[in-house]
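Observations on chain architecture
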Amino acid sequence: MRILNLLKVAYRSLNRNKLRSFLTMLGIIIGVASVIAMLAIGEGSNQNIKASVASLGTNSIMIFPGTTNQGGVRQGASTTQTIKLEDVEAIATHCDLVNHVSPVDQKRAQAIYGSQNWSTMVMGVKNDYMLIRSLTIASGSGFTTSDDRAAAKVCLVGVTVVFNLFGDENANPVGQIIRINSIPVKIIGILSKMGQNTFGQDQDDIIIAPFSTVQKRMLSSTPYVNSILASAISENQIDDAVNEISILLREKHKLAPSDDNDFTVRTQSDISNIFGSISRVMTILLACIAGISLLVGGIGIMNIMLVSVTERTREIGIRMAIGAKGRDVLIQFMIESIVISFLGGLIGVVLGISVSELVGKFGGWPVVITLSSVLLSFVFSAAVGLFFGWYPARKAAALKPIEALRYE
């Protein structure tokens, strides 16, 4: 009953100054909404990154050339050519935990059709590349093993290339001849649309041709390949497959036990962890920045409650004179502070969810609202009200009745 009466007193006090009460809540509202929105955007980005990495292919393993060392300074990954086509053949033959493997050669080139031209990425791959990346063909057909052996001048194109060369991404140019730089190549298939990945790269801006076609006709038959894409037989055996590939390549490259690898092996989980950690750091940073609004809102609550104590000093004196204890006054002002933060947190949750949905709908950003982020924001807002309301409430409870009654 006592708590109920104190709630009624707190309600009447806040209701007397509606505008001031709302302005006091505003800092909490903005803080809670900002935290929810930032965490939703961060979580959405993190999941989108994982989806983009997964689109590289089921259980995929990427092998890149190693580094160079100039004057004791390591130059970074892929700064030297160390991977050959025979390495690809060795992995396919001797690695039991690998079910698909393809060399990858790529270069930027100008695609030309009639009076139209477009600069795009041309990739030379084996048939297994399509299986590893789970790529599908919307129209036409893929190239065959015999096409690769014969270095046939055929290719598959993405819809971005189709749009820029033929004026309509829904066009069906299968059978048409385009030129890649000065080489005539026949389009035999159109890749299914993939869209942009998380990193902003247009996955449809691509031409895929047989590996030997790109290597012999565009790269002057170099013995080296840009990279290797492989896949493990199962997700649980990716680490074992990586170890199997590493041992084989070290033997093929005749590396001594004390020598560093002259190649780099990466898996989906490696890439996902790298970008995921970056995303998490950015999410925490954004949430901390948004959390400052909650602290500012808490300071606003303290300020208003101190003003309220000053304005109601005589009221406090009267209540104490007729029997109210110091703890009753303390609880009353604490309840007022908590009610402000509670209502502000409630409105902030609704606003934060609404803003997140609007950002996802009109901004095109991936957003994922989690229950944990909503609860965290709401609980933190209540804690802010409790923390910043304590001092004004304690000050009110410490007033002496006679001095409070004399206060004007």
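Read on for a plain summary of the structure.

Concerning the environment of glycine 385
Relative to the assigned elements, glycine 385 resides in helix α12 (residues 371-397). Put simply, glycine 385 and isoleucine 28 are 357 residues apart on the chain and 8.9 Å apart in space, counted from C-alpha to C-alpha. Non-local contacts of glycine 385, meaning those with residues more than four positions away in its chain, are made with Ile301, Ser337 and Ser341.

Section: the side chain of aspartate 148
Mapped onto the fold, aspartate 148 is located in helix α5 (residues 145-149). Setting aside residues up to four positions removed in sequence, aspartate 148 forms contacts with Val125, Lys126, Pro210, Phe211 and Ser212.

Details of the packing of helix α10 (residues 313-321) against helix α11 (residues 326-362)
In the contact formed by α10 and α11, the axes pass within 10 Å of each other and the chain directions differ by 140 degrees. As far as their axial angle goes, α11 and α10 are oblique. Crossing of α10 over α11 shows right-handed handedness. Along the contact surface, α10 presents Glu315, Ile316, Arg319 and Met320, while α11 presents Gly326, Val329, Gln332 and Phe333. Within the contact of α10 with α11, the residues separate by chemical class into four nonpolar, two polar and two charged.

Quick word on the pattern of salt bridges
Under the defined criterion, the tally for this structure stands at two salt bridges. As a salt-bridge pair, arginine 108 and aspartate 205 come within 3.9 Å of each other at their nearest N and O atoms. Of this pair, arginine 108 sits in strand β4 (residues 98-113) while aspartate 205 sits in the loop between β9 (183-191) and β10 (206-210), placing them 97 residues apart in sequence. Since its relative accessible area comes to 47%, arginine 108 is described here as partly exposed. The exposure class of aspartate 205 is buried, given its relative accessible area of 14%.

With respect to the environment of threonine 136
Of note, threonine 136 is situated in the loop between α4 (128-132) and β6 (137-140). The partly exposed category is assigned to threonine 136, whose relative accessible area is 44%. The residues contacting threonine 136, other than those within four sequence positions of it, are Leu191 and Ser192. Here the side chain of threonine 136 touches serine 192 through a polar contact of 2.7 Å, side chain to side chain.

Details of α11
Relative to the 54 Å expected for 37 residues at 1.5 Å per residue, α11 spans 53 Å between its end C-alpha atoms, a close match to the ideal helical length. Remark: glycine 364 follows α11 within two positions and exhibits a positive phi of approximately 75 degrees.

A few points about the packing of aromatic side chains
Enumeration over the complete set of coordinates arrives at two aromatic pairs. Summarising the aromatic geometry, the rings of tyrosine 113 and phenylalanine 166 are spaced 4.3 Å apart at their centres and angled 40 degrees between planes, so their arrangement reads as tilted. Taken together, the residues span a long stretch of sequence, with tyrosine 113 in strand β4 and phenylalanine 166 in helix α6 (residues 159-166) at a distance of 53 residues. Given the relative accessible area of 27%, tyrosine 113 is considered partly exposed. Measuring from ring centre to ring centre gives 5.1 Å for phenylalanine 387 and phenylalanine 388, while their planes differ by 85 degrees; the resulting arrangement is edge-to-face. A residue is classified by how much of its surface remains accessible, and phenylalanine 387, at 60% relative accessible area, is exposed. Assessed through its relative accessible area of 12%, phenylalanine 388 is described here as buried.

Here we look at the side chain of serine 356
Relative to the helices and strands, serine 356 resides in helix α11. In terms of polar contacts, serine 356 uses its side chain to reach the backbone carbonyl oxygen of glycine 352, at 2.8 Å. Excluding residues that lie within four positions of it along the chain, serine 356 makes contacts with Ile36, Ala37, Ala40, Val367 and Ile369.

Thoughts on α6
Side chains of residues three or four places apart in an α-helix project in the same direction, reflecting 3.6 residues per turn. Three or more residues of α6 are buried, namely Val159, Thr160, Val161, Val162 and Leu165. Check the buried side of α6 and you find it contacts β4, β5 (116-125), β7 (154-157), β8 (177-180), β9 and β10.

Considering the packing of α11 against α12
Packing of α11 against α12 brings their axes to within 7 Å, and their N-to-C directions diverge by 155 degrees. For the element pair α11 / α12, the angle class is roughly antiparallel. Regarding α11 and α12, the two cross each other, and that crossing is right-handed. From α11, Gly326, Val329, Leu330, Phe333, Met334, Ser337, Ile338, Ser341, Phe342, Gly345, Leu346 and Val349 reach across to α12, where they touch Val374, Phe378, Ser381, Ala382, Gly385, Leu386, Gly389, Trp390, Ala393, Arg394, Ala396 and Ala397. Residue classes in the contact of α11 with α12 are distributed as 16 nonpolar, seven polar and one charged.

Quick word on unusual backbone geometry
Look at asparagine 181: it is not a glycine, yet its phi comes out positive at around 60 degrees. Along the polypeptide, asparagine 181 turns up in the loop between β8 and β9. The phi angle at lysine 254 is positive, at roughly 55 degrees, despite the residue not being glycine. If you trace the backbone, lysine 254 turns up in the loop between α8 (238-252) and β12 (263-267).

Let's talk about the pairing of strand β1 (residues 60-65)
In terms of burial, β1 is a largely internal element, five of the six residues being buried. Pairing of β1 with strand β11 (residues 227-232) involves four bridges; the strand directions are antiparallel. Its bridge partner being in β11, methionine 62 is matched across the sheet by leucine 229. Relative to β12, β1 is paired through five bridges, and the arrangement is antiparallel. Bridging across to β12, phenylalanine 64 finds its partner in threonine 264.

Regarding a nonpolar patch on the surface
On the surface, Leu19, Phe22, Leu23, Leu26 and Ile30 cluster together to form a nonpolar patch covering roughly 460 Å² of accessible area. Owing to a relative accessible area of 40%, phenylalanine 22 belongs among the partly exposed residues under this scheme.

The rules behind these values
Residues numbered from 1 in each chain as written. Predicted model: local features only at pLDDT ≥ 70, side-chain atom pairs only at ≥ 80, totals over all residues. Heavy atoms only, no water. Helix = DSSP H or I, 4+ residues; strand = E, 2+ residues; numbered from the N terminus. Contact = heavy atoms within 4.5 Å. Axes fitted to C-alpha atoms, helices over the stretch in contact; angles between N-to-C directions. Parallel < 35°, antiparallel > 145°, perpendicular 65-115°, else oblique. Left-handed = near helix turned anticlockwise from the far one by under 90°. Nonpolar A, V, L, I, M, F, W, Y, C, P; charged D, E, K, R; others polar. Salt bridge = Lys/Arg side-chain N within 4 Å of Asp/Glu carboxyl O. Buried < 20%, exposed > 50% of the residue type's maximum accessible area, 1.4 Å probe, protein only. Polar contact = N/O pair within 3.5 Å; in protein donor to acceptor, adjacent residues only side chain to side chain. Expected span 1.5 Å × (residues − 1). Phe/Tyr/Trp six-rings, centres within 6.5 Å; stacked < 30°, edge-to-face > 60°. Pairing = 2+ DSSP bridges. Patch = residues over 30% accessible without salt bridge, like charges linked within 9 Å, V, L, I, M, F, W, Y side chains within 5 Å. Areas by Shrake-Rupley, 256 points an atom, 1.4 Å probe, with all protein chains shown as cover.

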